[in-house]
Amino acid sequence: MRTAIYPGSFDPVTLGHWDIIQRAEKLVDKLVVAVLYNPSKSPAFSVEERVAMLRELVGDRPNIVITSFHGLLVDFAKSQGAQFIVRGVRAFSDFEYEFQMALMNRKLAPELETVFLMPKEKYSAVSSRLVREIGSMGGNLADLVPDTLRERIAGRLQKP
Ligand code: PNS
């Protein structure tokens, strides 16, 4: 059974994340989308809200599990019996950070392979950080976040 973890902050989920989820799903038997509990960041959405939005987006797909995790990614991946870590790379600017993380994860757990996937080029500039910024200033989030979640994300980001 091929299992991959797609970890991230997903604060909030974007169309770029959704593109990667759909690509990764085709490569494995089970995809675990995992939201990190990160005490050092103050997120716009709670982990529970992020998990709920991802679950709503993914819907009823038996091969995709949405969950959250604490601590080291490699420990969580091992606990799930995963062989792969999936990360999306949008542009060259993502590469350095992703490269460092992949090599460090390999040092910690050589049996885990990091797989990089590229989203459609129209999502190259889409990031959760920009969604938060645009949303908090009342900008249009169309083509940045899934339609079904847009109102919820926009409403929440506009609250003071
Ligand atoms: O969406 P993000 O914020 O780019 O995701 C980063 C994430 C969650 C993949 C990364 O911060 C992570 O794996 N954190 C867990 C702690 C860990 O394993 N750190 C060592 C990484 S080499």
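Above this text is the structure in question.
Calculation criteria
For every chain, the first residue of its written sequence is number 1, and the numbers climb from 1 along that sequence. In view of the model being predicted, local features appear only for residues whose pLDDT reaches at least 70, and side-chain atom pairs are presented and counted only at 80 or more, with totals across whole chains, interfaces and linings using the full set of residues. Excluding hydrogens and water, the side-chain figures rest on all heavy atoms present in the structure. Secondary structure elements are defined from DSSP: runs of H or I of at least 4 residues count as helices, runs of E of at least 2 residues count as strands, and each element is numbered from the N terminus. Between two residues, a contact is recorded if the distance between any of their heavy atoms is within 4.5 Å. Axis angles are defined between N-to-C directions and span 0 to 180 degrees, where every axis is a line fitted to C-alpha atoms and, for a helix, only to the segment in contact. If an angle is under 35 degrees, it is roughly parallel; if it is over 145, roughly antiparallel; if it lies from 65 to 115, roughly perpendicular; otherwise it is oblique. Two helices that cross are described as forming a left-handed crossing if the nearer one is turned anticlockwise from the farther one by less than a right angle, and a right-handed crossing if clockwise. Relative accessibility decides the category of a residue: with a 1.4 Å probe and only protein chains considered, values under 20% of the type maximum give buried, values over 50% give exposed, and everything between is partly exposed. Here a residue is near a molecule or strand as soon as one of its heavy atoms is found within 4 Å of it. In the scheme used here, Gly and all other residues not listed as nonpolar or charged are polar, with Ala, Val, Leu, Ile, Met, Phe, Trp, Tyr, Cys and Pro taken as nonpolar and Asp, Glu, Lys and Arg as charged. Here a polar contact is taken to be a pair of N or O atoms separated by no more than 3.5 Å, where protein atoms must pair a possible hydrogen donor with a possible acceptor and residues adjacent in sequence count only if both atoms sit in side chains. Any two strands are treated as partners once DSSP identifies two or more bridges connecting them.

A. The side chain of Glu-25, seen in detail. Considering the arrangement of structural elements, one finds Glu-25 in helix H1 (residues 15-25). With near-sequence residues (within four places) excluded, Glu-25 lies in contact with Leu-31, Arg-61, Asn-63 and Ile-64.

B. How the structure looks around the packing of helix H2 (residues 47-58) against helix H6 (residues 147-158). At a closest axis distance of 10 Å, the pairing of H2 and H6 adopts a crossing angle of 160 degrees. For the element pair H2 / H6, the angle class is roughly antiparallel. Remark: the crossing between H2 and H6 carries left-handed chirality. Along its contact with H2, which presents Glu-49, Met-53, Glu-56 and Leu-57, the element H6 presents Thr-148, Leu-149, Arg-152, Ile-153 and Arg-156.

C. Expanded view of unusual backbone geometry. Cis geometry marks the peptide bond from Asp-11 to Pro-12, where omega comes out at 0 degrees. Tracing the sequence through the fold places Pro-12 in the loop between strand E1 (3-8) and H1. Phi at Phe-10 takes a positive value of approximately 50 degrees, unusual for a residue other than glycine. Structurally, the position occupied by Phe-10 is in the loop between E1 and H1. Phi is positive for Asp-143, close to 70 degrees, though the residue is something other than glycine. In this fold, Asp-143 is placed in the loop between helix H5 (128-136) and H6. Assessed through its relative accessible area of 60%, Asp-143 is described here as exposed.

D. Representation of the site of the ligand within the structure. For the ligand, the set of nearby residues contains 13 residues, the closest of which are Gly-8, Ser-9, Leu-72, Leu-73 and Arg-87. Looking at the shell around the ligand element by element, the count peaks at 4 residues for helix H4 (residues 92-108). Tallied by class, residues from the shell around the ligand come to 7 nonpolar, 4 polar and 2 charged.

E. Seen up close, the environment of Ser-127. Looking at where Ser-127 falls in the secondary structure, it is placed in the loop between strand E5 (113-117) and H5. Distance from Ser-127 to Phe-10, taken between C-alpha atoms, is 9.4 Å for residues 117 residues apart in sequence. Apart from residues no more than four positions distant in its own chain, Ser-127 is found in contact with Thr-14 and Arg-90. A polar atom in the side chain of Ser-127 sits 3.1 Å from the backbone nitrogen of Leu-130.

F. Structural view of the environment of Ile-85. Examined against the element boundaries, Ile-85 turns out to sit in strand E4 (residues 84-88). Placed 81 residues apart in sequence, Ile-85 and Ala-4 show a C-alpha to C-alpha distance of 5.5 Å. Contact partners of Ile-85, with chain neighbours within four places excluded, come to Ile-5, Pro-7, Leu-73, Asn-105, Leu-112, Glu-113, Thr-114 and Val-115.

G. Region of interest: the sheet that holds strand E3 (residues 64-69). Taken in spatial order, the 5 strands line up as E3-E2-E1-E4-E5 in an open sheet, and their pairing is parallel. Two strands in the sheet have a free side with no partner beyond their single neighbour: E3 and E5. Looking at each pair of strands side by side, their axes are set apart by 30 degrees on average, direction ignored. Looking at chain direction, strand E2 (residues 30-36) and E3 are connected through 6 bridges and run parallel. Its bridge partner lying in E3, Val-33 is registered against Ile-66. With respect to the sheet, H2 is in contact with E2 and E3, its orientation differing from that of E3 by roughly 175 degrees. Against the sheet, H4 engages E4 and E5, with an angle of about 170 degrees to E4.

The analysis is restricted to geometry; functional conclusions fall outside its scope.
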